[in-house]
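# Observations on the model geometry
This is what each chain is made of:
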Amino acid sequence: MKEAKTERKQAIQKVRELIKGIDTAMLTTISGEEGLVSRPMKTQEIEFDGDLWFVTMRDTAKFHEIRSNPSVNVSYAGQSYVSIRGKAEFVEDLQKKKEYWNKAYEKLLHASYDDPNVVLIKVNAETAEYWESGSVIKSVKLLLHQLTGAGGDSKLNETVQLR
């Protein structure tokens, strides 16, 4: 049990490092009519702890899609690529909305944090798959391993459990 907690902490730390500083994520929901639908979302400036947070409005398609099917995927592209699968839920806590609110949302959403139409999306991350393309050393090790069979078991791609 202790080993599983340690692995989970390490997985969360790894994902935190990979997504840190990436301003925009792509949130994919499931629409009954269109199938998979992705849209850019502003990443909250908090450290990833196994949950991802986004601000939205109730009168959006994504709100209704999540309400119908909470399974989502969130992807990040930067120095590396990260795909996080999880379940979304809505949080209406006024203090949380105030905490995650910034002036850019006022202009973008034409609302304030205390507008009843504003809601938070909390994604409870279950698994993450990542590709460390920004690591030159890992890329060289992988290439060496593929060419010669030497160089250890270096991988650029890994899937980790977060729950």
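What this report covers is the structure whose coordinates are included nearby. From a predicted model like this one, the values you see are computed outputs, not experimental measurements. (Residues numbered from 1 in each chain as written. Predicted model: local features only at pLDDT ≥ 70, side-chain atom pairs only at ≥ 80, totals over all residues. Heavy atoms only, no water.)

### A few points about the packing of aromatic side chains
How two aromatic rings sit relative to each other is given by the distance of their centres and the angle of their planes. Counted only if it meets this: For Phe, Tyr and Trp, where Trp contributes only its six-membered ring, two rings pair if their centres lie within 6.5 Å, and the inter-plane angle classes them as stacked under 30 degrees, edge-to-face over 60, or tilted in between. To qualify as a helix, a DSSP run of H or I must reach at least 4 residues; to qualify as a strand, a run of E must reach at least 2; elements of each kind are numbered from the N terminus. Each residue is assigned to one of three classes by its accessible area relative to the maximum for its type, calculated with a 1.4 Å probe on protein chains only: buried under 20%, partly exposed between the two thresholds, exposed over 50%. A ring is scored as having a charge over it whenever the NZ atom of a lysine or the CZ atom of an arginine sits within 6 Å of its centre and within 35 degrees of its normal.
Following the criterion strictly, the structure yields three aromatic pairs and no others. Seen in terms of ring centroids, Phe63 and Phe90 are 4.3 Å apart; in terms of plane orientation they differ by 35 degrees. Their pairing is tilted. In this pair, Phe63 is assigned in helix α2 (residues 61-68) and Phe90 in strand β5 (residues 81-91), connecting sequence segments 27 residues apart. With a centroid separation of 5.3 Å and an interplanar angle of 45 degrees, the aromatic rings of Trp101 and Tyr105 are classed as tilted. No difference in accessibility class separates Trp101 from Tyr105, as the two residues are buried. Its end group placed over the ring of Trp53, Lys96 keeps NZ or CZ at 5.3 Å from the ring centre.

### Notes on the nonpolar core
Nonpolar side chains in soluble globular proteins tend to be buried together. We count it as follows: Only buried Ala, Val, Leu, Ile, Met, Phe, Trp, Tyr and Cys residues count toward a nonpolar core, and they belong to the same one when joined by side-chain atoms within 4.5 Å.
By size, the foremost hydrophobic cluster in this structure holds 26 residues, and its most contacted members are Val15, Leu52, Phe54, Tyr76 and Leu162. At the level of secondary structure, the elements contributing two or more residues to this core comprise α1 (2-19), β1 (24-31), β3 (51-57), β4 (71-77), β5 and β6 (118-131). With ten residues, the next largest nonpolar core counts Trp53, Val55, Met57 and Ala111 among its residues.

### Here we look at the pattern of salt bridges
Test applied: Basic side-chain nitrogens of Lys or Arg form a salt bridge, by our definition, when they fall within 4 Å of a carboxyl oxygen of Asp or Glu.
Scanning the model with the defined rule gives seven salt bridges in all. As a salt-bridge pair, Lys122 and Asp51 come within 3.9 Å of each other at their nearest N and O atoms. Residue Lys122 is found in strand β6, and its partner Asp51 is found in strand β3; the two are separated by 71 residues along the sequence. On the basis of relative accessibility, which here comes to 19%, the residue Lys122 falls in the buried class.

### Section: the pairing of β4
We apply this condition: Should DSSP find at least two bridges between two strands, the strands are taken to pair.
The two faces of β4 differ: Val72, Val74 and Tyr76 on one face are buried, but Ser71, Asn73, Ser75 and Ala77 on the other face are not. Pairing of β1 with β4 involves three bridges; the strand directions are antiparallel. Looking at β4, one finds that Thr28 is bridged to Asn73. Note: β4 against β5, seven bridges, orientation antiparallel. Each residue of the ladder has a partner; that of Ser75, found in β5, is Ser83. The hairpin turn running from β4 into β5, its antiparallel successor, is three residues long.

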